[in-house]
Amino acid sequence: DAGVTQSPTHLIKTRGQQVTLRCSPISGHKSVSWYQQVLGQGPQFIFQYYEKEERGRGNFPDRFSARQFPNYSSELNVNALLLGDSALYLCASSLNLGYGYTFGSGTRLTVV
Amino acid sequence: AQKITQTQPGMFVQEKEAVTLDCTYDTSDPSYGLFWYKQPSSGEMIFLIYQGSYDQQNATEGRYSLNFQKARKSANLVISASQLGDSAMYFCAMRGLIQGAQKLVFGQGTRLTINP
């Protein structure tokens, strides 16, 4: 069985640009969460989606948005990129709320 | 607010020795879950072990065990017979329900280096 798949693995963007990151959860998993991990720190919660609805949002500006599709895959969008948005973005899927989480390998975003 | 504290930025251990990675937590919720993840340089967060707040016994998974002391709010990870492949970042995390979202709160991590 395929694990959590994230794309792209790496990308470089210029300040002010917009970026879309993609996540495909494990088959059958209905919940997807997004985390930002800045170098040298632990991951920080950005969003959780369950059954295509936003269930929670972390302390991130409105430049960050996400959505979940009928097949439970998800996209994370970041507008007006700042240098500080450079980080590893991790997607985690779980069967349902309250179950264990399986993480993908992440997308490394560099903003120059 | 929920918080995880990992006080060891780095640990150096000889191969085949046991190692304990410290984790303390703070929460006012009676129901919570504690996780340990391993993050190699590739970036993927690899699940190691889970302890529920109502579990009576300490969790074990192969060479990994979790020393859960609820009264002291600690959840230390013990790795027995360490191997070179255990070198990585290790994160302690707590699952909590905040405003309808089940989210993980992570500590700062401990970088473990296994020396041959």
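Look above for the structure.
Residues numbered from 1 in each chain as written. Chains lettered and ligands numbered in written order. Predicted model: local features only at pLDDT ≥ 70, side-chain atom pairs only at ≥ 80, totals over all residues. Heavy atoms only, no water.

1. Brief notes about the interface of chain B and chain A
Here's step 1: In this complex, chain B contributes 19 residues to the contact, which on the side of chain A involves 21 residues.
Here's step 2: Both faces considered, chain B and chain A share a buried interface measuring about 1600 Å² in area, 50% of it formed by carbon and sulfur atoms.
Here's step 3: Considering only the side of chain B, the residues that lose the most area to chain A are Met45(B), Gln102(B) and Phe106(B), jointly responsible for 28% of the buried surface there.
Here's step 4: Where chain B touches chain A, the interface holds zero salt bridges.
Here's step 5: At the surface where chain B touches chain A, the tally comes to four residue pairs in polar contact (both at pLDDT 80 or more).
Here's step 6: Mapped by element, the contributors of at least two residues to the side of chain B that touches chain A are strand E5 (33-39), strand E10 (88-98) and strand E11 (101-106) of chain B.
Here's step 7: In terms of residue count, E11(B) provides more of the side of chain B that touches chain A than any other element does, five residues in total.
Here's step 8: The residue inventory of the side of chain B that touches chain A, partitioned by class, reads seven nonpolar, nine polar and three charged. (Contact = heavy atoms within 4.5 Å. Buried area = accessible area lost by both parts, 1.4 Å probe. Salt bridge = Lys/Arg side-chain N within 4 Å of Asp/Glu carboxyl O. Polar contact = N/O pair within 3.5 Å; in protein donor to acceptor, adjacent residues only side chain to side chain. Helix = DSSP H or I, 4+ residues; strand = E, 2+ residues; numbered from the N terminus. Nonpolar A, V, L, I, M, F, W, Y, C, P; charged D, E, K, R; others polar.)

2. With respect to the nonpolar core
Here's step 1: Counting residues in each nonpolar core, the largest one holds 25 residues, and the members touching the most others are Leu34(B), Trp36(B), Ile49(B), Leu77(B), Tyr90(B) and Leu112(B).
Here's step 2: The set of elements that each furnish at least two residues to this core consists of strand E2 (10-14), strand E3 (19-21), E5, strand E6 (46-52), strand E8 (64-69), strand E9 (74-79), E10 and strand E12 (110-115) of chain B.
Here's step 3: If you tally residues by element for this core, the top one is E10(B), at four residues.
Here's step 4: With 22 residues, the next largest nonpolar core counts Phe60(A), Phe64(A), Leu81(A) and Leu109(A) among its residues. (Core = buried A, V, L, I, M, F, W, Y, C linked by side-chain atoms within 4.5 Å. Buried < 20%, exposed > 50% of the residue type's maximum accessible area, 1.4 Å probe, protein only.)

3. Looking at the state of the cysteines
Note: disulfide means a covalent bond formed between the sulfur atoms of two cysteine side chains.
Here's step 1: Applying the stated criterion across every chain yields a total of two disulfides over all chains.
Here's step 2: Note on cysteine connectivity: Cys23(A) is disulfide-linked to Cys91(A), with sulfurs 1.8 Å apart. On the sign convention where negative is left-handed, the bridge of Cys23(A) and Cys91(A), at about -65° about the S-S bond, is left-handed. On the criterion of sequence distance, the pair formed by Cys23(A) in strand E3 (residues 19-24) and Cys91(A) in strand E9 (residues 87-94) is long-range, its members being 68 residues apart. Comparing Cys23(A) with Cys91(A), the two get one shared label, buried.
Here's step 3: One disulfide bridge connects Cys23(B) with Cys92(B), the sulfur atoms lying 2.0 Å from each other. (Disulfide = S-S within 2.5 Å.)

4. Digging into the sheet that holds strand E7 (residues 64-68) of chain A
Residues and elements named next belong to chain A.
Here's step 1: Taken in spatial order, the four strands line up as E1-E3-E8-E7 in an open sheet, and their pairing is antiparallel. Lying at the two open borders of the sheet, with one neighbouring strand each, are strand E1 (5-7) and E7. Direction aside, the axes of adjacent strands within the sheet are offset by 15° on average.
Here's step 2: In this structure, E3 lies alongside strand E8 (residues 74-78), joined through five bridges in antiparallel fashion. When the sheet's bridge partners are listed, Leu21 is paired in E8 with Leu76. (Pairing = 2+ DSSP bridges. Axes fitted to C-alpha atoms, helices over the stretch in contact; angles between N-to-C directions.)

5. Observations regarding the pattern of salt bridges
Residue and element names in this part refer to chain A.
Here's step 1: Counted according to the given criterion, the structure contains seven salt bridges over all chains.
Here's step 2: The closest approach of N and O atoms between Arg63 and Asp85, which form a salt bridge, is 2.8 Å. With Arg63 in the loop between strand E6 (53-57) and E7 and Asp85 in the loop between E8 and E9, this residue pair connects regions lying 22 residues apart in the sequence. The same class applies to Arg63 as to Asp85, namely buried.
Here's step 3: Look at the salt bridges and you will find they share partners, linking Arg22, Arg67 and Glu75 into a network.

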